[in-house]
Amino acid sequence: MPERESVGATDRQGSRIPLGKVLLDRDAVRRTDLSHALRRQRSTGARLGEVLAANGWSSPENVAAALAEQRGLPYCPLPVAPISELSGRLSLKEVQEHRAVPWTVAGGKLVLATPDPDRAAAFAAAAGAEMAVVTEADFQHRICEIYGAQLADEALVRTPRHQSVRSLDGARFGLVTVLLVLTIAAIASAENVLLALTLIVFLVSGLTTATRLAALAVSRSERVVSTRPEVVALADHRPQPMVSLLIPLYREGAVLARLLEGLQRLDYPRDRLEVKLLIEADDPETADALASVELPRWIEALTIPRGSPRTKPRALNVALDFCRGDVIGILDAEDRPDPAQIKTVTSHFTAASHRVAAVQCQLAYFNARENWITRCFQIEYSIWFDVLLRGWQRLGLPIPLGGTSVYFRRQALVNLGGWDAHNVTEDADLGMRIARAGLICDVVGSTTTEEANCRIGPWIRQRSRWLKGYMMTWLCHMRRPGLLWRELGPAGFIGLQVLLLGGAVSYLVIPLFWISLTAGMLTGASLFGQVLPVWALGVLAATFALGQAVMLAAAALALYRRRCLRLILWLPLLPIYWSFGALAAWKALFEVVVAPYFWEKTNHGVTRFCPDGGDAAAHSGIKPAAVPAGPAVSASNTD
């Protein structure tokens, strides 16, 4: 290790030589590139080294070495001491707060490595330690080496226990007890049990249909509450916020090249954007794929320490403290975001109320034309984003966020406790927790295209994970219904029942409809005619029929707005498509009891449709919405 210099690089008057001059003297940057970087620095307020490295005008290693020379510190590109000699020297909290990690021991003194010597200097002096400069990547790698086990443990409990599904053992036992009691009661008195179930199904399905009908009616309105033009214009002249994009990967070698291509198309300053590819420690497929490509300076891989359960939200929690962004965004491996998406989101955050904690972008599929499954999947997504979410937003109901193309204000996300590492629909749960905290989720019109499941088996497995997560999230939030009512209010409380419980129940009761219909066609009498009165059968039939009619109407409206009318020909297949969801729902109910935290992995890269380097939406047959979908601010601009 080189000897520490007594002073940094200074000029004849004893003033510190600017970093740019040091880089020029080291032939580590071209003069024209330095001029570009200085102009960028004045407009964004970013550090010069970050601007140079992010735009490829100098390497992170050259910037770190020049920074070390300027400050009179050694530059250590590699660790030189075993971890066993350094563990216990500093707490993880101290390392994260002061951005200084134990590196080695030299001359009996601890050496702390940092990519930010100004921030770490006072702490190092107080600890009686020496300092060395390293790159951001080496700094993060060293933290994971020394504190990996602690990072993994803390990621599991970041969300408070009373808000996490990890504390649901009692509720799951209660669910099993209820199911057993219902089974015994059905054997003893089938008529009374069926009447009770009919009432429950009617109540839940009726509320679900009524809420969807209200969302349909409200979403038909041309009124879109938009950000004032003068506020948007002002936001465009402010320094753009730093954005951190987190992309969890697991066995995604097949789509890595496509992902990187899509990221390169993002229209956002590279020195204001960092992308972290989250790699599981036991995933050699993705690691090998990453080793075969040269990542841009603003994209880096972060290896997530081993831990259980191995879920997407656990990886996100580990990565959160490594992010430098004021805005945290999530993408999936197969995503193709609109190039202007980050600009749309940051402008929305800048202009919106401080209560807006999250912004959800819309989703579509680039392989929608592959087969009938993907066509129905695209129709379903159009219903969700163009009708239901827009309507729920205007009704002031809690919004179950999607797991991708969603962006958060960093501080709000930290205050909420990040993601629930045990919840397999961490996105929907976080949307509920945002609402309970009195914050708002907005939906904007920027669209991300992704790959739809094109085979029925994987579709059922994916849908079972979603429905299991909805069931678990409902059980979690309903542990204290009185508190939930006070926090959400009557409309929000009912909305949560509809969104989480209503969707699951709608799928679970589909077999009853088809069994009864089939029995009636074959025998001329209802299967339940001997135990249910005529009025009960009429109620069930009317509930099913109205629910289907509302969803088909929402589908037609959504396709009209998407200018994709040719998909209307596939609407008759939707009842059959949704019937497969019943298999997923019953699978989900079983897993709630026996495997609540199991993450059903969706494989990507299996479609024969691949987006090119142009407009990915063209591959889904999806055109710009006929009715503007954003930026749509709900109650957020009324504060």
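Residues numbered from 1 in each chain as written. Predicted model: local features only at pLDDT ≥ 70, side-chain atom pairs only at ≥ 80, totals over all residues. Heavy atoms only, no water.

Q: Let's hear about the overall build of the protein chain: which residues, and what values?
A: Within the protein chain one finds 22 helices and 11 strands. Residues counted as buried form 55% of the 639 residues belonging to the protein chain. Long-range contacts, defined as pairs at least 24 residues apart, comprise 78% of the intrachain contacts of the protein chain with a sequence gap of at least 6. With the model as given, the accessible surface of the protein chain reaches about 26900 Å², and the carbon-plus-sulfur share is 60%. (Helix = DSSP H or I, 4+ residues; strand = E, 2+ residues; numbered from the N terminus. Buried < 20%, exposed > 50% of the residue type's maximum accessible area, 1.4 Å probe, protein only. Contact = heavy atoms within 4.5 Å. Areas by Shrake-Rupley, 256 points an atom, 1.4 Å probe, with all protein chains shown as cover.)

Q: Just give me the short version of the nonpolar core, but keep the residues and values in it.
A: The biggest cluster of nonpolar side chains holds 133 residues, and the ones touching the most others in it are Val101, Ile143, Leu246, Phe408, Trp419 and Ile434. With 11 residues, the top contributor of residues to this core is helix 15 (residues 372-395). Ranked by size, the runner-up nonpolar core spans 32 residues in total, among them Val255, Leu266, Ala352 and Ile440. (Core = buried A, V, L, I, M, F, W, Y, C linked by side-chain atoms within 4.5 Å.)

Q: Explain the packing of helix 17 (residues 426-436) against helix 19 (residues 481-508) to me, and be specific about the residues and the numbers.
A: Helix 19 packs onto helix 17 with a crossing angle of 150 degrees between their chain directions and a minimal axis gap of 10 Å. Our classification of the angle between helix 17 and helix 19 gives roughly antiparallel. When the axes of helix 17 and helix 19 are compared, the crossing they make is right-handed. In contact with Met432, Ala435 and Arg436 of helix 17, helix 19 contributes Leu483, Leu484, Glu487, Leu488, Leu496, Leu499 and Leu500. Here the residues of the contact of helix 17 with helix 19 sort into 8 nonpolar, no polar and 2 charged. (Axes fitted to C-alpha atoms, helices over the stretch in contact; angles between N-to-C directions. Parallel < 35°, antiparallel > 145°, perpendicular 65-115°, else oblique. Left-handed = near helix turned anticlockwise from the far one by under 90°. Nonpolar A, V, L, I, M, F, W, Y, C, P; charged D, E, K, R; others polar.)

Q: How would you explain the sheet that holds strand 3 (residues 130-133) if you had to name every residue and give the values?
A: Strand order in the open sheet formed by 3 strands is 1-2-3, with mixed pairing between adjacent strands. Only two strands of the sheet have a single neighbouring strand rather than two, namely strand 1 (101-106) and strand 3. Shown here is a sheet whose adjacent strand axes are inclined to one another by a mean of 35 degrees, direction ignored. Where strand 2 (residues 109-114) lies against strand 3, 4 bridges are found, and the strand directions are parallel. Following the sheet pairing, alanine 113 is matched in strand 3 by alanine 132. Helix-sheet contacts for helix 6 (residues 117-126) involve strand 2 and strand 3, and the interaxial angle to strand 3 is about 165 degrees. (Pairing = 2+ DSSP bridges.)

What is shown is where atoms sit, not what they do.
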